[in-house]
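Working through the structure, step by step
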Amino acid sequence: MPKYRQFAAQLLSCAALFYCPSAYAEEDADADGLIVVTGTRSGDAISPDIDAGSLTVIDSNQIVSRQVRQVSDILRDVPGIAVSATAGQTQLRLRGAEANHTLFLIDGIEVSDPFFGEFDVGTLIADNMAQIEILRGEQSALYGSDAIGGVVHYRTLTGADEAGLSARIEGGSFNTVNAAARLGGTSGAFDYAFTSSMTSTDGQPNARGGTRDLGNDSAALAFVGNLQATDNLRFGVVTRYSKNKGDFNGSESDPTSPLFGQIIDSPGRRFENIGVYGLVKAELDLMDGRWTHRASAQFADSKRRSYSATAQTGGSVGKRLKGSYETTLKFIGDAMEHRLTFAADLERETYRNTDQSAFTGERSNENLGIVGLYELEVGGRASFSAAVRYDDNDRFANVTTYRVQGAYLLPSGTKLQAAYGTGVKNPGFFELYGYFDGQFIGNPDLTPEKSEGWEVGITQRFLGGDGQIGLTYFQTHLKDEIFTTYPPPTFTATPANRATLSKRNGVESWLEINLDESWRINGSYTYLRARENGVQEVRRPKHIGSMAIDWHLPDNKAGLTLVARYNGSQQDVAYTDPSFIPLNVRLEDYLLVNLNGRVEISPNLELFGRVENILGERYEQVFSFVSAGRAVYAGVRGHF
């Protein structure tokens, strides 16, 4: 798509960086001033009471009270999300979609590795002053490829939202040290937030019967800044650097061994991942805010390396440049507000292997997406939106996706909502061109995966608005699913498109209660039925549930939080047959219970501690990868 490169160069030279603005509509949702993100590209919020999307917001209070250190842990509390983790990769599956079907954003930047096509959520250390928005269901009409299952956005609170200096440090089991610091504030028309975080652990064995401890070290630095240049002109910038390195184990490759295909202690094996990200944006309001313009551009640079005891065994580099322009025109009446939005996204991804035993040539892909969006809000009681997107891709067939949704709020506090949408996921570079002699061969003839689905839901307020309960039924069909096959005579792994249909349906339910300013109860339960040609799909438990009970003194000087997370039994794949034919195995269910406590020792200092996995469950999220047992941590947190 060379004709678009000149446009891209002009866009970048003008510092118009893509902000993934598709997700960002903000509004005070309650008396505490919670800013929520909804699935729109107009830049305006729709009240959560009439928002038609399946949106969950995890606020900073939940992150603090549950003492979250890895973002992937608290995502287990969200309806519709299944999490599976190993020493080297943590994956999310939304509503039974594949792990690379979720668009993951950090402060507006798309952070998935262009080489592998997904983001390792286990590398993201939680900041206390942050919140997470999860939008479920097909969202390709707004976001393009990668958003079949939904969108997860981790957003650092700005210096205007949370000012001051804060820090925490803790230590505990497995010689673990975790620390974070933040400086936020305002200076005239400029607000800023610097954040840093690190964790280091000696780890523990993750192989069945293994004795090798798997250490891990992670660190991240980030900056978010915004400038209100004039009453109607704003600029923003985001930068982020992350590094994660650690040990990992390989599988037994000797077909005569009784452990063939299982994870075993593998001394000397380690990995190192580095991510560098950047974003700038500009926003202009005209006609008293009725005509808005937003221009932005972003980049992501991911590097991965793996090593044996003596040499590098693998490596990859993936880069992404993305630019966008959006404009919205509003028509506001006494009871109705209409919004018309046009958006254009331009993206270029490149990748190459850095392992000399593999294909090392560079490949690239360009895509231009055009979005049209209409939104209607009626008197704070109803909303409707329709979006359509056309993607012009230089490697795959051009595609059109769409989404329609609506919601209505009854006087009884009952919200009814429904949505229908389509999605697309382009093959990743590793699937297309990845080549490792005797291990994996890419398939350049792959076609994009396509999805369509619908949902209906109901939400009811009670206890005078202090309680909410919700229920959503969803159904999705995925065709041309990409899977790994092992054709004879070499049985070398290679991806292909399935000829059969993948069907997924289920029920998401959730509960939130706030009592007497001292109690907060959050619960969720998901039932999922995911079948591929009638066979249950792997790493998708039928039953997932969580419950968090938070109690604190009215003055908030002390508190306790109990969190229980249940993961039902599930299927996984084992390569324990010397013929390389994958076998289905059953992973047993497990229940994780954590207890957290905190107490204020001065106006600016707080002691805290927690016990994770109180029941001492020994469980596997992925076949033959044994997860951590009981652990204890304690630390101190300050805010000035």
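The structure this text deals with has already been given above.
Rules used throughout
Residues numbered from 1 in each chain as written. Predicted model: local features only at pLDDT ≥ 70, side-chain atom pairs only at ≥ 80, totals over all residues. Heavy atoms only, no water. Helix = DSSP H or I, 4+ residues; strand = E, 2+ residues; numbered from the N terminus. Rg over C-alpha atoms; globule rule 2.2 N^0.38 Å. Areas by Shrake-Rupley, 256 points an atom, 1.4 Å probe, with all protein chains shown as cover. Lys, Arg positive; Asp, Glu negative; His and termini not counted. Charge placed at Lys NZ, Arg CZ, Asp CG, Glu CD. Pairing = 2+ DSSP bridges. Contact = heavy atoms within 4.5 Å. Phe/Tyr/Trp six-rings, centres within 6.5 Å; stacked < 30°, edge-to-face > 60°. Buried < 20%, exposed > 50% of the residue type's maximum accessible area, 1.4 Å probe, protein only. 1 Å grid on protein atoms, 1.4 Å probe; cavity = no way out; pocket = protein on both sides within 12 Å on 5 of 7 lines; lining within 4 Å. Points joined across faces, edges and corners; volume = space filled by probe spheres on them. Nonpolar A, V, L, I, M, F, W, Y, C, P; charged D, E, K, R; others polar. Salt bridge = Lys/Arg side-chain N within 4 Å of Asp/Glu carboxyl O.

Section: the overall build of the protein chain
Tallying secondary structure elements over the protein chain gives five helices and 38 strands in all. Relative to the compact-globule value of 26 Å for 640 residues, the protein chain shows a C-alpha radius of gyration of 24 Å, a close match. Within the structure as shown, the protein chain displays about 26,000 Å² of accessible surface, and the carbon and sulfur contribution to it stands at 57%. Mean positive and mean negative side-chain charge positions of the protein chain (60 and 78 charges, respectively) differ by 3 Å.

A word on the sheet that holds strand E6 (residues 130-136)
On the basis of which strands lie adjacent, the open sheet formed by five strands has the order E1-E6-E7-E4-E5 and mixed pairing. The sheet terminates laterally at strand E1 (54-58) and strand E5 (109-110), the two strands that pair on one side only. Of the strand pairs in this sheet, E1 and E6 are connected by five bridges, and their pairing is antiparallel. Within E6, the residue paired with Leu55 across the bridge is Leu135.

Brief notes about the environment of Ile513
Among the structural elements, Ile513 can be located in strand E27 (residues 502-515). Sequence-wise, Ile513 and Asn398 are 115 residues apart; in three dimensions their C-alpha atoms are separated by 46 Å. With near-sequence residues (within four places) excluded, Ile513 lies in contact with Phe462, Leu463, Asp466, Gly467, Trp519, Arg520 and Ile521.

A look at the packing of aromatic side chains
Each aromatic ring pair is summarised here by two numbers: the centre-to-centre distance and the angle between the ring planes. According to the stated counting rule, one finds 15 aromatic pairs in the structure shown. Geometrically, the ring pair formed by Phe115 and Phe430 is tilted, given 5.3 Å between the ring centres and 50 degrees between the ring planes. Of the two residues, Phe115 is situated in the loop between E5 and E6 and Phe430 in helix H5 (residues 429-433); the sequence distance between them amounts to 315 residues. Here Phe115 matches Phe430 in class, with each residue buried.

Looking at the pairing of strand E34 (residues 590-602)
Side-chain positions along a regular strand alternate between the two faces of the sheet. Here strand E31 (residues 558-567) pairs with E34 via 10 bridges, running antiparallel. Each bridged residue has a counterpart across the sheet, and for Arg565 the counterpart in E34 is Leu592. Turn length for the E34-strand E35 (residues 605-612) hairpin, with the two strands adjacent in sequence and antiparallel, is two residues.

Concerning empty space enclosed by the protein
Per the counting criterion, the structure on display carries 12 cavities of 30 Å³ or more. Of the pockets and cavities examined, the second largest cavity occupies roughly 350 Å³. Around the second largest cavity, the lining comprises 31 residues; the ones closest to its centre are Ser145, Asp146, Glu347, Glu349 and Asn426. Secondary structure elements with two or more residues in the lining of the second largest cavity: strand E15 (312-332), strand E16 (336-353), strand E17 (363-378), strand E18 (382-393) and strand E20 (414-425). Examining the composition of the lining of the second largest cavity, we find that four residues originate from one element, E16, more than from any other. In the lining of the second largest cavity, the residues fall into 10 nonpolar, 10 polar and 11 charged.

Observations regarding the pattern of salt bridges
A full pass over the atoms with the stated rule returns 47 salt bridges. Linking Glu588 and Arg586 is a salt bridge whose minimum nitrogen-to-oxygen distance equals 3.2 Å. In the salt-bridge network here, residues are joined through shared partners; they are Glu98, Glu481, Arg498, Arg504, Glu532, Glu537 and Arg540.

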